[in-house]
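Chain by chain, the residues:
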Amino acid sequence: MLTSASKIEPMKALDSRFTERSKATPGIPSAISSTDAKAKEDTSSDSEDKMAAINKNLAFAKRKPELLLDGGEVVEKRKKGRPRKDKMAASVPQAAAPPPAAAVLRLPTPSLQKTFSLQVSMDPSVFLEVENDVSVVAGSKLSQLRCSRDGRDWNTLLPSSVLAAAGSSDVLAVACDDRMLSVFSCSGRRLLPAIQLATPVSALHCSAHFVMVLTAGATLSVWDAQRQKALVKNESLQTIFSGAETTVSLSLLTQQGVPIIGLSNGKSFCFSLSLETWTLIADKGDSLVQCADFRSCLPSQDAAASSGPLAVVQGRNLNAGRLASRLSSTPHHLQQSMTLAFLENQLASALTLQSAQEYRYWLLIYARFLVNEGSEHRLRELCKELLGPVHKSAASSWQPATLVGLHKRELLREVLPVIGENLRFQRLFTEYQDQLELLRTK
Amino acid sequence: MLTSASKIEPMKALDSRFTERSKATPGIPSAISSTDAKAKEDTSSDSEDKMAAINKNLAFAKRKPELLLDGGEVVEKRKKGRPRKDKMAASVPQAAAPPPAAAVLRLPTPSLQKTFSLQVSMDPSVFLEVENDVSVVAGSKLSQLRCSRDGRDWNTLLPSSVLAAAGSSDVLAVACDDRMLSVFSCSGRRLLPAIQLATPVSALHCSAHFVMVLTAGATLSVWDAQRQKALVKNESLQTIFSGAETTVSLSLLTQQGVPIIGLSNGKSFCFSLSLETWTLIADKGDSLVQCADFRSCLPSQDAAASSGPLAVVQGRNLNAGRLASRLSSTPHHLQQSMTLAFLENQLASALTLQSAQEYRYWLLIYARFLVNEGSEHRLRELCKELLGPVHKSAASSWQPATLVGLHKRELLREVLPVIGENLRFQRLFTEYQDQLELLRTK
Amino acid sequence: MLTSASKIEPMKALDSRFTERSKATPGIPSAISSTDAKAKEDTSSDSEDKMAAINKNLAFAKRKPELLLDGGEVVEKRKKGRPRKDKMAASVPQAAAPPPAAAVLRLPTPSLQKTFSLQVSMDPSVFLEVENDVSVVAGSKLSQLRCSRDGRDWNTLLPSSVLAAAGSSDVLAVACDDRMLSVFSCSGRRLLPAIQLATPVSALHCSAHFVMVLTAGATLSVWDAQRQKALVKNESLQTIFSGAETTVSLSLLTQQGVPIIGLSNGKSFCFSLSLETWTLIADKGDSLVQCADFRSCLPSQDAAASSGPLAVVQGRNLNAGRLASRLSSTPHHLQQSMTLAFLENQLASALTLQSAQEYRYWLLIYARFLVNEGSEHRLRELCKELLGPVHKSAASSWQPATLVGLHKRELLREVLPVIGENLRFQRLFTEYQDQLELLRTK
C-alpha cells in the first residue's frame, strides 16, 4: 500500500530499546552487560568497514551508547531528553521469569513499547517503524509495521504487539508478543509463514538474507529466509554457560549466517553450521592467546590487519605475544608449541566463522611461523593438503576448495613465496612450485 | 506367506479404537475432542475428493462417529451393538500418566485390544487385521499382523502387542506395546528397521510413503519410508500448546508428508519441513480472517473452490469477509491492510503445506485483490518475483520453481490476464507479457 | 615439531584406562559390565579379521582383559605388575554425579590420569601419549598430546587436562576436562575447531575419519571429521534405556560411522543415520531369534560365515534355530512366520548398519528360505524390487543401489541361482533371468 499521508521521519525517535536489554531492576538479574571501552574500540575506522559485514547487537545496561550499530551502519543517537526511556524505566519490563531454579536458563525479553523505529540499512536506506495497538477491529488489537525503503513506503498489520524488530538490506523480521516471528522482504512481501517460537524473543538480528533469534528460553535459531531453510534449530545456550552468573554480553550474526554469542566470562562462541555444535573462538582468559608469540610473522603493512568477525570478538587484545616478553624463562619449545596451537586454533575458528579474509590472513602468519621455526614436516603437510592429489582419482576425498570458498591451490600460490623466502626450504619450494605449474598446464 | 485358511473379512469388525482416543475416565484428562459439525462439514462432496489426498484422524470423545475416514476413503461403521466398545469403556485404558506436573505434556495412548481391523486404502483395496497374543512360543507372546491387498493375503509376527496400526496404499505401520514402530510395504516387505520410540504411541498416520507418529510424550516424528529418511524428528508439541487445558483435536498427514496438528483452542499448526518449525495455518479465533474482505476476488465458478489441507483445517468458516459487512465503520485503508495481510498469510501457509493447488488458488485471489485496490507497487513486486532474472547470472538466487513445484513463470502467465483486466495496469501487463514472450523464444 | 628427545616407547605402558570404565567403588553405580566369555568369543580368528573393520570398546569391570582391541588391531597387554592400575583404584574416580534422580541418566566419566598412552593403529603404526599438567605457563596448566606415526613424532599443547583419547589410522581425538573435544589428523593438523560438549566425556571412539562421543549426560554424537559434518547430534540414550538398572556394556563405531550401543539387558541398538532414530539390532532375550529355523539355508562353506558389526553384537548365540528343535510342537506356519520375521529383521539391521557384506549374506539365506518354504509371492516381490523398472521413467522412485552401496541388479544375479535350484520356480527364474539379460544388453 502506498501510504503517503505520514512519511516516516528518519531520525525522529531512534529507540534504544532494540539494543538496550534488561534494565537492571530489583529482583531481576541483569543478563547483559558490556563495556564502553569495547564500544569505542569497535568504532575505529578499520573495523567499521569490516563491520559493515557484521550485524551487531551491543547491549548496554545503565549506559547511554554513543554509537548505535545495526546492520553495519553507524547511526548517531541524538540525546534529546528521551522521555521514552524514562517510560521504559518506570514501566514494568517484560523481563525474565521469577528467579529461576539453577538449572533453568532465562534471558531477558524486551519491554513492550507503544512505538519505536530504527534504521536497518544505509545503502539502500531502509527504516522501520512499529506502532503497537494502532487500531482495534472486531475486538482484536492490531499493530502496524511500516517500512520506508529508498523513499517508498509500505506497511502491514500484525495481530499482536511487536516486541522486537530487526532488518538488513534484504529482509525485515519482527517478533511479537504472541511469540510469532514474521519475516518480510524489504519490499514488503511476506517471505516466511509466521513462525511459532517456544518462548518470547530475547534478541533478534538480520544479516543479508539470514534471520537469527535468541529466545528467553536461551535457545538460538537461524533461518535462511531466501531458501526457507533452518540453519540452526533451537540450539540451547546451556552448553556454553559455565555458571549462574554468566550472562550474554554480545550476540552477532555474520553475513554468512553464522551466529556468535559473547559471554560475560570473556568467552565467545560461534555455532558451527556444519558440525552443528558450539565452538569456542575467543577466550579473553586464555593464556595460550597471551603467550603466543608470532610478532615476527605479521604482514608488513599494518593497514591490512585482520578484520572480520573473529577480530571483532577477540578484540584488540590480540597483540601478538603481549605477554610473550614476560615469558623469557619459558623453554623455547614450549613457547613454540603454544604459539602453534594458537595459530591452528585461529585457522579452525576462521573456517567455522566462514570468514575467508581472516582465514587467508592467519594462514600466511601460520606459514611464516612454520618457516621461522624450521618446521619442515608441518610445512610439507600444509603444502600437501593445499595441493591435493596430482592425479584425479575416484577414491580421493580431497576437496579443491576450503569451506570458506577459497581455492586451496590459490592459497598454496600465496603460501609458497613465504616458504621460498627461507633458503632452508628451497627444495620444498621448488618441489611444490613445479607441481603447481604442472597442474596449471593440465 | 499365502494363508488362505482364514481370509480377512472386510467389514467384520471395524474397530473405532484407531480413531477413538481417551475415553473420558475419571482422573484422566480428555485430550481429544471434536464436534459433529465439523465431521459433517468434512463429508461434503467437494472435500471428500480432496480428502482422498489427506490421511485424517478425527477423534471423538463420547460420540459415535458416523463416518470413519482413513487414508482418504469413507468407510461406514455398522453399528452392530458393539461389544468391543463396552469392553473398552470397562477396561482400564492405557491412558496418559497420572496427573502430570504443569510442565509435562502428555497425550493419551490407545488402549490395548485383543483384535481389531481397518481398511487403509480403497484403490487398491487394503485391509489390516491385528490379533494380539495369537500364540505363545518359548515363553514369549507373539502378535500377528495380517494384510489383505487386492485379495492377496500376507501376515507377519511381532514380538509385542500392537497398540495402533495405520496404512496407506503404499505402506503400513504398526506401533507396539514395547514402543517399537514397524513399517511394511503393502506387499509385506519390512521397509524399515524397528524404530524405538521414546514414549508409547498416541496417534499413527500413513500417507503415500510417509509415516507419522505422535507419541504420548507429545513429540512428533515423520519418516519417508521410501528414502528411509527422517523428515520430522521428535518435535515437541510443547511449543504450540498455550495452556494446560489445550488438547489435540486433530492430527493429519498430507500426501507430501506435511504433518498438521489441530488444537482445541481453534488453532491449527503444520510443521514446516524446511524451516523445521511450527507454523500457524489456521486460527478460528483470529479476527483478521473474519475481517478480510475479498469477496470480489473469488474465482467465478464456485465449483473450483479451494480444497486441500489448508481448506480442511480452516473449515468452511472461511467465508470471504463474513464479518466484513459489520465493519463498515472501519477505515478503508485498515480493511485493505488486514485483507492483504490475510491473503499473504494464506500464500505462505499453502507453501508450507506444499499444497500446489491451493497456492495457485490464493495467488489468483491475491492478484485480483491487488488489481482491485490499485496496488501497482505490490503488483510489480509480484510480477518481478515470478518472472525472475531475464539474463541468467551466476549470482542470481532466483529459483524458477516455487517450493510446491509450480513454475513461477507459469504462474505469471496465469496472473497476467487478471492484471490485464484493469485498464489502469495495461502498461504493467504489456511490460511483463513482452518479457515472458522474450523468454519463451529464447 | 620434530621432537626426538624422548621418543614414545610403543609398549611401555599400555593403559587400560581407555577401556576400563567405572571401577566399582562404593556408592557409584557400575555402569559398564561385560563378560570374559564374550571377550574370548570375539577373539576367534574369523571375527578378528572382520573386526579390523570395527573400532571397539570392550569395557571390563574388575577384570584384566587379555586382549585389547582398538582400531581393529589386536594388541597384547603385557602384565607387568601395573602400578598405574593400583593408582587408579585408589584415586577417587571422576565418576558420575551423586545418585541421580530416577529420570536423570548419567554415565560414568574416566578418572583423571597424570599420563597414559595407547596404540590406535597398527598399519600404519600410530601411538598416542598424553601427559597432563606438563607445564605451567602464565598461571595456566598445559597438557601435552604426543603422537608417533611410523616413527615420526609430533606434539601439541592443550589448555586443559585430557580425560580420554582415541584414534584411528586417520584421526585422533582428545576430550579434555574443560569439556572441549579436539580432533587432529594423524599427521598433527587440527581438523576441527574445539567442540564444546555439554557434559564431560564418558566414552570416545574413532573409526576411519569418524569421531564418536558418548557423554556423561548420556548423549551420543558422531562427526565426520573429513567433511566437518555432524552425523549424529546429541542423541539421548534415554530412549533406549528401559530401567534404572540398565547400563551401557558396549559402545562401537563402525567404519561407516554408524554408532552401536550395547546395554546390560542384552539389547543392542544402533543409531540409523538416515532415519535419525535408534533401531534395535540385537536382543539376547528375544525368542524370535532363538526360534527361527534356517539351518537348511546357511551357505555351504562355514568359513564364509557372516562377520561384521551385526555378527559382533549378536554374538555367536545366533545359532540357526538352537531352540528350534525344542519347538517340534509349534505349528509349522507359526515357525515359518517367526523365521521370516527374523530374517527380514536381519536384512533391515544390516542395512541400518551399512554392512554390505552382511546384507548380502542374509539376503541369500532369506532367498533360500523363501525357496524352501515355497513362498512364490514373496520371491516375486523380492525379484521385482531388485530388478526395478525395465523402462526408465521419470516418476519411478526405484533406486538402483541399496543404501549400502550394493547394486540391486547384482544382488538379483546372485539370488537367481538360488531360486533356480528349485524346479518349482523355474518359471520365475527364467522370467527374471531374461529381463536381466535384456537390461544388460540395453
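Our structure is the block above this text.
Not measured: the values here are computed from a predicted model.

Colleague: So, the packing of helix H9 (residues 408-420) of chain C against helix H10 (residues 426-441) of chain C: which residues are in play, and what are the values?
Modeller: Residue and element names in this part refer to chain C. Relative orientation of the contacting elements H9 and H10 amounts to 150°, with a least axis distance of 9 Å. Taken together, the axes of H9 and H10 are roughly antiparallel relative to one another. At the point where H9 passes H10, the crossing takes the left-handed sense. Of the residues in H10, those in contact with Arg409, Leu412, Arg413, Leu416, Pro417, Ile419 and Gly420 of H9 are Gln426, Leu428, Phe429, Tyr432, Gln433, Leu436, Leu439 and Arg440.

Colleague: So what about the packing of aromatic side chains? Which residues, and what values?
Modeller: Where two aromatic rings form a pair, the distance of their centres and the angle of their planes describe that pair. One pass over the full model with this rule turns up 12 aromatic pairs over all chains. Centroid distance Phe342 of chain A to Trp362 of chain A: 5.8 Å. Interplanar angle 85°. Geometry classified as edge-to-face. Taken as a pair, Phe342 of chain A in helix H6 (residues 332-352) and Trp362 of chain A in helix H7 (residues 356-373) lie far apart in primary sequence, 20 residues in all. When sorted by exposure, Phe342 of chain A lands in the same class as Trp362 of chain A, which is buried. Plain terms: the ring middles of Phe271 of chain B and Trp278 of chain B are 5.2 Å apart, the flat faces sit at 80° to each other, and that makes the pair edge-to-face. Assessed through its relative accessible area of 2%, Phe271 of chain B is described here as buried. What makes Trp278 of chain B buried here is its relative accessible area of 2%. Chaining the aromatic ring pairs together yields one cluster made of Phe342, Tyr361 and Trp362 of chain A.

Colleague: Which residues make up the packing of helix H6 (residues 332-352) of chain B against helix H7 (residues 356-373) of chain B, and what values do they have?
Modeller: All names here are of chain B. For the pair H6 and H7, interaxial distance at closest approach is 9 Å and the crossing angle is 160°. Here H7 runs roughly antiparallel to H6, going by the angle between their axes. Crossing of H6 over H7 shows left-handed handedness. The residues of H7 that touch H6, namely those facing His332, Gln336, Thr339, Leu340, Phe342, Leu343, Glu344, Gln346, Leu347, Ala350 and Leu351, are Glu358, Tyr359, Trp362, Leu363, Ile365, Tyr366, Phe369, Leu370 and Glu373. The residue inventory of the contact of H6 with H7, partitioned by class, reads 13 nonpolar, 4 polar and 3 charged.

Colleague: Account for the relation of the copies chain B and chain C, with residues named and values stated.
Modeller: You can overlay chain B on chain C at an RMSD of 0.1 Å; the transform is a turn of 120° with a shift of 0.0 Å along its axis. The transformation just described matches what one would write down for a three-fold rotation axis. Using C-alpha coordinates, one finds that chain B approaches the rotation axis most closely at Lys233 of chain B, a distance of 6.8 Å.

Colleague: Any details on the interface of chain B and chain A? Residues and values, ideally.
Modeller: Quoted interface sizes are often the accessible area lost when the parts come together. Facing 37 residues of chain B, the contacting portion of chain A comprises 34 residues. Regarding the contact of chain B and chain A, the summed buried area is about 3,100 Å², with carbon and sulfur atoms giving 59% of it. Across the chain B-chain A interface, the total number found is 3 salt bridges. Salt-bridge contacts for Glu381 of chain B lead to Arg189 of chain A; the nearest nitrogen and oxygen are separated by 3.1 Å.

Colleague: Any details on the sheet that holds strand S4 (residues 115-121) of chain B? Residues and values, ideally.
Modeller: Pairing in this open sheet of 4 strands is antiparallel, and the strands run S4-S5-S6-S7 (chain B) from one edge to the other. Edge positions in the sheet fall to S4 and strand S7 (152-158) of chain B, since each of these pairs with one other strand and no more. Neighbour to neighbour, the strand axes of the sheet diverge by 25° on average, direction disregarded. Along the sheet face, helix H6 (residues 332-352) of chain C touches strand S5 (126-137), strand S6 (140-149) and S7 of chain B and points at about 75° away from the line of S7 of chain B.

Colleague: So what's going on with the environment of Glu376 of chain C? Residues and values would help.
Modeller: Residue and element names in this part refer to chain C. The topology assignment puts Glu376 in helix H8 (residues 376-387). Along the primary structure Glu376 and Gly217 are separated by 159 residues, whereas in three dimensions their C-alpha atoms are 50 Å apart. Not counting residues within four places of it along the chain, the set of residues in contact with Glu376 comprises Phe425 and Arg427.

Colleague: Could you give an account of unusual backbone geometry, with specific residues and numbers?
Modeller: Note that the residue after Asp123 of chain A, namely Pro124 of chain A, is joined by a cis bond; omega there is 5°. Mapping Pro124 of chain A onto the fold places it in the loop between strand S4 (115-121) and strand S5 (126-137). The phi torsion at Gln228 of chain A lies on the positive side, around 55°, for a residue other than glycine. Turning to its location among the elements, Gln228 of chain A is positioned in the loop between strand S14 (219-224) and strand S15 (229-236). One non-glycine residue, Asp150 of chain C, adopts positive backbone phi at about 50°. Position of Asp150 of chain C among the secondary structure elements: in the loop between strand S6 (140-149) and strand S7 (152-158). On the basis of relative accessible area, Asp150 of chain C is assigned to the exposed category, the value being 56%.

Parameters and conventions
- Residues numbered from 1 in each chain as written.
- Chains lettered and ligands numbered in written order.
- Predicted model: local features only at pLDDT ≥ 70, side-chain atom pairs only at ≥ 80, totals over all residues.
- Heavy atoms only, no water.
- Axes fitted to C-alpha atoms, helices over the stretch in contact; angles between N-to-C directions.
- Helix = DSSP H or I, 4+ residues; strand = E, 2+ residues; numbered from the N terminus.
- Parallel < 35°, antiparallel > 145°, perpendicular 65-115°, else oblique.
- Left-handed = near helix turned anticlockwise from the far one by under 90°.
- Contact = heavy atoms within 4.5 Å.
- Phe/Tyr/Trp six-rings, centres within 6.5 Å; stacked < 30°, edge-to-face > 60°.
- Buried < 20%, exposed > 50% of the residue type's maximum accessible area, 1.4 Å probe, protein only.
- Nonpolar A, V, L, I, M, F, W, Y, C, P; charged D, E, K, R; others polar.
- Least-squares fit on C-alpha atoms with pLDDT ≥ 70 in both.
- Buried area = accessible area lost by both parts, 1.4 Å probe.
- Salt bridge = Lys/Arg side-chain N within 4 Å of Asp/Glu carboxyl O.
- Pairing = 2+ DSSP bridges.

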